[in-house]
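A look at the structure
Here's the letter readout for the chains.
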Amino acid sequence: MDDIVVIQGLRKSFGAQEILKGIDLKVGKGEAVVLVGASGSGKSTCLRCVNRLEEPTEGVITVAGTLVTDKRADLNLVRRNIGMVFQSINLYPHLNALGNVTLALRKVKKLSRADADERGRHHLEQVGLADRMTHFPAQLSGGEAQRVGIARALALEPKVMLFDEPTSALDPELVGEVLTVMRKTKEAGMTMMIVTHEMQFAREVADRVAFLDQGAVLEQGPPAEILDRPKHKRIQEFLSRLH
Amino acid sequence: MEKILYYFFNWPLIAPHLPAMLKGFAVTLQMAALTIAFGLTLGLALAVLRTYGNKLLNAALIFYVDVFRAIPQLVILVLIFFALPGVGIVLDPVTATVVALSLVLAAFAEEIFWSGIAAVARGQWEAGRCGGLTFNQTLFSIILPQVVRIAIPPLTNRAIGITKGTTLGSVIAVPELLNVASSVQSTIANPTALTAAAVLFCLIFLPFVRLTRWMEGHYAPKR
């Protein structure tokens, strides 16, 4: 299987504190890997190193064959292959939903406004927001806003999508619509790395679950194995606290 | 009551001088417009330069901003008009006034734009950069459009406060509105000239205040 993301020996320190202590992880084409673990275990930091929102202290990361951790790598090129969805959503408040989706299409992909709008509308329809094109972020519910966030990332046709706790900031009744869109994205064959606390979702959608503990991958494997029959006591404790 | 009308609202007496006052009005209007245009443009340019984080450049920039915010406008105006000729730079009074006021407005505007840039959430930068936009594209397409909205109210206050300093030009013989009004007052021995000047100043600045109020509403985040 082609590996889209390969992480080897990833370390990251903030000052004297080492958050990631040598992570090795691979994500194959079309695979969905869910990172779970207690808060502070380094899940988000690991994800943010993949597109170098955080600068790795040590280690090698390649995405779609490009060496991301190369100091001379053109980050703007690298990031075209990597879509990101944020916990804080980060829609551009001065642009409407369509404007949010089309900005990078016009500025980065250099599409004409008409072409960008056409592609933008398509992707907003895909996430079920055909009737919200001209709404501004403040006029959208949290779930709608996050679906715009997903459409914005998908419109750039990345090789891998990073989801950093996409539903953690949402009201509980709005979580489902976002997870539905993520499920569809997976079914369409997208490669995904997901940090989430939605264990039911991980069970259904993940090909693999990686449990991070204190900056290292403690155990990884199929969700049934990690979430239902974990070998490590720490994972059993973590899971029991969630229920 | 009669006295008040005679001294402050004696329109027949100043009617013959009105053309002269309108000329002064035009000079003031022109200086105000130029000051706002140059001051805000320079202020925004400096704030943008500051985002690149060049230590040396930023130190120089902050020095300029702090000094020009600290010195009274009149002192800067007098220095530019009377001291610069000493090093061979001679500016006519109108230009000297516009330059002095623009430099002061730019210093305040830079700080206002800069605090606006700092106020935009970090996630906006991240979202832009993750979409493959360059630093400049993110700055100009995502950050600054939000900054301008944040900055309109404080910028308006500053711009009005500083452009009112056009009256300082009278010190170096700029034939602006207050200067003309003062001469008319001496000629006719009646302060109605100053009342008329006050009305004309309102004609300049009230529309400006109203315009910015409209802009605040127009650019406010859509709800």
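For the structure itself, consult the block above.
Residues numbered from 1 in each chain as written. Chains lettered and ligands numbered in written order. Predicted model: local features only at pLDDT ≥ 70, side-chain atom pairs only at ≥ 80, totals over all residues.

1. Considerations on the sheet that holds strand β3 (residues 32-36) of chain A
Residues and elements named next belong to chain A. We count it as follows: At least two DSSP bridges between two strands are needed for those strands to be called paired. Helix numbers and strand numbers start at the N terminus; a helix is a DSSP run of H or I with at least 4 residues, a strand a run of E with at least 2. Orientation is described by axes fitted as lines to C-alpha atoms, over the contacting stretch for helices, and by angles from 0 to 180 degrees between their N-to-C directions.
With respect to topology, six strands assemble into an open sheet ordered β6-β7-β8-β3-β9-β10, the strand pairing being mixed. Each edge of the open sheet is held by one strand with a lone partner, namely β6 (82-85) and β10 (216-221). Across the sheet, the mean angle separating the axes of adjacent strands is 20° when strand polarity is ignored. Bridging between β6 and strand β7 (residues 160-164) involves four bridges; their strand directions are parallel. Bridge pairing links Val85 to Phe163 in β7.

2. Concerning the interface of chain B and chain A
So the rule is basically this: We call two residues in contact when their backbone-placed C-beta atoms lie within 7 Å. Under the scheme applied here, ten amino acids are nonpolar (Ala, Val, Leu, Ile, Met, Phe, Trp, Tyr, Cys and Pro), four are charged (Asp, Glu, Lys and Arg), and all others, including Gly, are polar.
Counting from both sides, the interface comprises 19 residues of chain B and, opposite them, 20 residues of chain A. Mapped by element, the contributors of at least two residues to the side of chain B that touches chain A are α7 (122-130) and α8 (135-163) of chain B. Its residues placed into classes, the side of chain B that touches chain A shows six nonpolar, eight polar and five charged.

3. As for helix α10 (residues 192-219) of chain B
It helps to recall that an α-helix has 3.6 residues per turn; residues three or four apart then point in one direction. All names here are of chain B. Operational definition: Every helix has an expected span of 1.5 Å times one less than the residues it contains. What the bend at a residue measures is the angle between two axes, fitted to the seven residues ending there and to the seven starting there. Neighbour counting defines burial: a residue surrounded by 20 or more other C-beta atoms within 10 Å of its own C-beta is buried, one with 12 or fewer is exposed, and intermediate counts give partly exposed, using backbone-placed C-beta atoms.
A rise of 1.5 Å per residue sets the reference length of α10, with its 28 residues, at 40 Å; its end C-alpha atoms lie 40 Å apart and thus fit the reference within 8%. The largest bend along α10 measures about 25° and falls at Leu203, with the proline Pro207 one to four residues further on. For α10, the complete set of buried residues consists of Thr192, Ala193, Ala196, Ala197 and Leu200. Summarising the contacts, the buried residues of α10 are in contact with α1 (2-8), α2 (11-14), α3 (18-51) and α9 (177-188).

4. Focus: the sheet that holds strand β1 (residues 3-14) of chain A
Residues and elements named next belong to chain A. Read across the open sheet, the four strands follow the order β2-β1-β4-β5; overall the sheet is antiparallel. With partners counted over all chains shown, the strands left at the sheet margins are β2 (17-28) and β5 (66-67), one partner each. Of the strand pairs in this sheet, β1 and strand β4 (residues 58-63) are connected by five bridges, and their pairing is antiparallel. Note that in β4 the partner of Arg11 across the bridge is Glu58. This element, helix α1 (residues 43-50), spans β1, β2 and β4 of the sheet and lies at about 120° to β1.

5. Side note on the packing of helix α5 (residues 73-83) of chain B against helix α6 (residues 93-119) of chain B
Residue and element names in this part refer to chain B. So the rule is basically this: If an angle is under 35 degrees, it is roughly parallel; if it is over 145, roughly antiparallel; if it lies from 65 to 115, roughly perpendicular; otherwise it is oblique. Helix crossings get a hand from a simple test, with the near helix turned counterclockwise from the far one by less than a right angle marking a left-handed crossing and a clockwise turn marking a right-handed one.
At a closest axis distance of 9 Å, the pairing of α5 and α6 adopts a crossing angle of 135°. In this view, α5 runs oblique relative to α6, as classed from their interaxial angle. Taken as a pair, α5 and α6 cross one another with a handedness that is right-handed. The residues of α6 that touch α5, namely those facing Gln73, Ile76, Leu77, Ile80 and Phe81, are Pro93, Ala96, Thr97, Val99, Ala100, Leu101, Leu103 and Val104. Residues that form the contact of α5 with α6 fall into these classes: 11 nonpolar, two polar and no charged.

6. A closer look at the pairing of β10(A)
Residues and elements named next belong to chain A. Direction of pairing for strand β9 (residues 208-213) relative to β10: antiparallel, over a ladder of five bridges. Bridging across to β10, Leu212 finds its partner in Val217. Here β9 hands over to β10 after two residues, with Gln214 in that stretch at a positive phi of 50°.

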